[in-house]
Amino acid sequence: MIFSDLEWQAVMLSLKVSGIAVFCSLPFGILMAWILVRCRFPGKTLLDSFIHLPLVLPPVVVGYLLLIGLGRRGIIGEKLYDWFGFSFAFSWRGAALASAVIAFPLMVRAIRLALEAVDTRLEQAARTLGAGRWRVFFTITLPLTLPGIIVGTVLAFARSLGEFGATITFVSNIPGETRTIPLAMYTLIETPGAEGAAAQLCVIAIVLALASLLVSEWLARWGRKRMGPDAVT
């Protein structure tokens, strides 16, 4: 396979956007999962539904909401641009934000399931021995949740690689700036005589997605082995 510069740009940009999207959203994913599992408050069901809303909304709708909220003249985006000269719209930062929003529910769900499986008696025992809340969280809760965090991170990364609708709606299709693999494929499919290049990008997308899933499964098994019966002592 021989790839053009534009195709390599799309591949590298996709990896960059997906990596940043997952890295920046992971702390919030852990926080939201912990709130949904360990906290009781009015409106918890509403918060749960809001977090998972991108799973059921058309991605184009998510992109439109981001545009009217964080676009150059959006409700929040206008102030960001006027005060700080910063804008998400029509930049790779906006593509990362759109990918993060779309993939966030998958991340939260995986971490939440792992957190629900943690035996709270271990945490209570540590508290009775004098450990503070933060120490219990970082030495017991977080390590035991590690397999779910790994799975959620890799699944979110794979979902970010395939994001199309929200990205093209929010940040358009700009070569070298926002044209990720799905957008590059869309452009090539619409270009006469470029079917071969589109097929090559399709193969790359499949390989990256499959590799992400295999890595996710391997890391999850590795994490479960490390967090076996003797892991917390």
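Rules used throughout
- Residues numbered from 1 in each chain as written.
- Predicted model: local features only at pLDDT ≥ 70, side-chain atom pairs only at ≥ 80, totals over all residues.
- Heavy atoms only, no water.
- Helix = DSSP H or I, 4+ residues; strand = E, 2+ residues; numbered from the N terminus.
- Contact = heavy atoms within 4.5 Å.
- Areas by Shrake-Rupley, 256 points an atom, 1.4 Å probe, with all protein chains shown as cover.
- Lys, Arg positive; Asp, Glu negative; His and termini not counted.
- Charge placed at Lys NZ, Arg CZ, Asp CG, Glu CD.
- Patch = residues over 30% accessible without salt bridge, like charges linked within 9 Å, V, L, I, M, F, W, Y side chains within 5 Å.
- Salt bridge = Lys/Arg side-chain N within 4 Å of Asp/Glu carboxyl O.
- Buried < 20%, exposed > 50% of the residue type's maximum accessible area, 1.4 Å probe, protein only.
- Axes fitted to C-alpha atoms, helices over the stretch in contact; angles between N-to-C directions.
- Parallel < 35°, antiparallel > 145°, perpendicular 65-115°, else oblique.
- Left-handed = near helix turned anticlockwise from the far one by under 90°.
- pLDDT = per-residue confidence, 0-100.
- Nonpolar A, V, L, I, M, F, W, Y, C, P; charged D, E, K, R; others polar.

### Quick notes on the overall build of the protein chain
(1) Moving on: Scanning the protein chain from N- to C-terminus turns up 10 helices and 0 strands.
(2) Moving on: Counting from the amino terminus, the protein chain carries its helices and strands in the arrangement α-α-α-α-α-α-α-α-α-α.
(3) Moving on: Contacts spanning at least 24 positions in sequence make up 70% of the contacts within the protein chain whose residues lie at least 6 apart.
(4) Moving on: Accessible area for the protein chain stands at about 13,100 Å²; split by element, carbon and sulfur atoms hold 68% of it.
(5) Moving on: Looking at the protein chain, you have 20 positive and 14 negative side-chain charges, and the mean spots of the two groups are 11 Å apart.

### Quick notes on a nonpolar patch on the surface
(1) Moving on: Side chains of Phe50, Leu53, Leu55 and Val56 sit close together on the surface and give an oily, nonpolar patch of about 420 Å² of accessible area.
(2) Moving on: Tracing the backbone shows Leu55 in helix H2 (residues 44-56).
(3) Moving on: According to the relative accessible area criterion, Leu55 is partly exposed, its value standing at 45%.

### Focus on the packing of helix H1 (residues 5-38) against helix H7 (residues 133-161)
(1) Moving on: At a minimum axis distance of 9 Å, the contact between H1 and H7 shows a crossing angle of 135°. The angle between H1 and H7 falls in the class oblique. In this structure, H1 crosses over H7, and the sense of that crossing is right-handed. Residues Ser14, Leu15, Ser18, Gly19, Ala21, Val22, Leu26, Ile30, Trp34 and Arg38 of H1 touch H7, and the partners they reach there are Phe137, Thr141, Leu142, Ile149, Thr153, Ala156, Phe157, Ser160 and Leu161.

### Section: the side chain of Ser18
(1) Moving on: Among the structural elements, Ser18 can be located in helix H1.
(2) Moving on: When near neighbours in sequence (up to four residues on either side) are disregarded, Ser18 contacts Phe157, Ser160 and Leu161.

### Regarding the side chain of Thr167
(1) Moving on: Along the chain, Thr167 falls in helix H8 (residues 165-171).
(2) Moving on: Those residues in contact with Thr167, other than ones at most four positions away along the chain, are Ala95, Ala98, Ser99, Ser172, Thr178 and Leu183.

### Concerning the confidence of the model for the protein chain
(1) Moving on: Here the protein chain shows a mean pLDDT of 86. Residues at 70 or above account for 94%.
(2) Moving on: The weakest mean pLDDT in the protein chain belongs to helix H10 (residues 195-226) at 80; the strongest belongs to helix H5 (residues 92-116) at 93.

### A look at the pattern of salt bridges
(1) Moving on: Inspection of every chain in the model, using the stated rule, returns 7 salt bridges.
(2) Moving on: Its salt-bridge partner being Arg73, residue Glu78 comes within 3.6 Å of it at the nearest N-O pair.
(3) Moving on: Relative accessible area serves as the criterion here: at 32%, Glu78 is assigned to the partly exposed category.
(4) Moving on: Residue classification places Arg73 among the exposed residues on the basis of a relative accessible area of 56%.
(5) Moving on: Asp82 is the partner of Arg73 in a salt bridge, and the nearest nitrogen-oxygen pair spans 3.6 Å.
(6) Moving on: What you see here is one network of salt bridges that share partners, running through Asp48, Arg112 and Glu116.

### Digging into unusual backbone geometry
Most peptide bonds are trans, and most residues other than glycine sit at a negative phi.
(1) Moving on: At Phe90, a position not held by glycine, the phi torsion is positive, near 60°.
(2) Moving on: Note that Phe90 resides in the loop between helix H4 (77-84) and H5.
(3) Moving on: Residues other than glycine seldom take positive phi values, yet Ser172 does so here, at roughly 65°.
(4) Moving on: Within the secondary structure, Ser172 is located in the loop between H8 and helix H9 (181-189).
(5) Moving on: The class of Ser172 is partly exposed, set by a relative accessible area of 29%.

### Some words on the packing of H5 against H7
(1) Moving on: The N-to-C vectors of H5 and H7 enclose an angle of 155°; their axes lie 8 Å apart at closest approach. On the basis of the axis angle, H5 is roughly antiparallel to H7. Helix-helix and strand crossings are classified by hand; for H5 and H7 the assignment is right-handed. Across from Ser99, Ile102, Ala103, Leu106, Met107, Ala110, Ile111, Ala114 and Leu115 in H5, the residues of H7 making contact are Thr141, Thr145, Gly148, Ile149, Val151, Gly152, Thr153, Leu155, Ala156, Arg159 and Ser160.
(2) Moving on: Broken down by class, the residue content of the contact of H5 with H7 amounts to 12 nonpolar, 7 polar and 1 charged.

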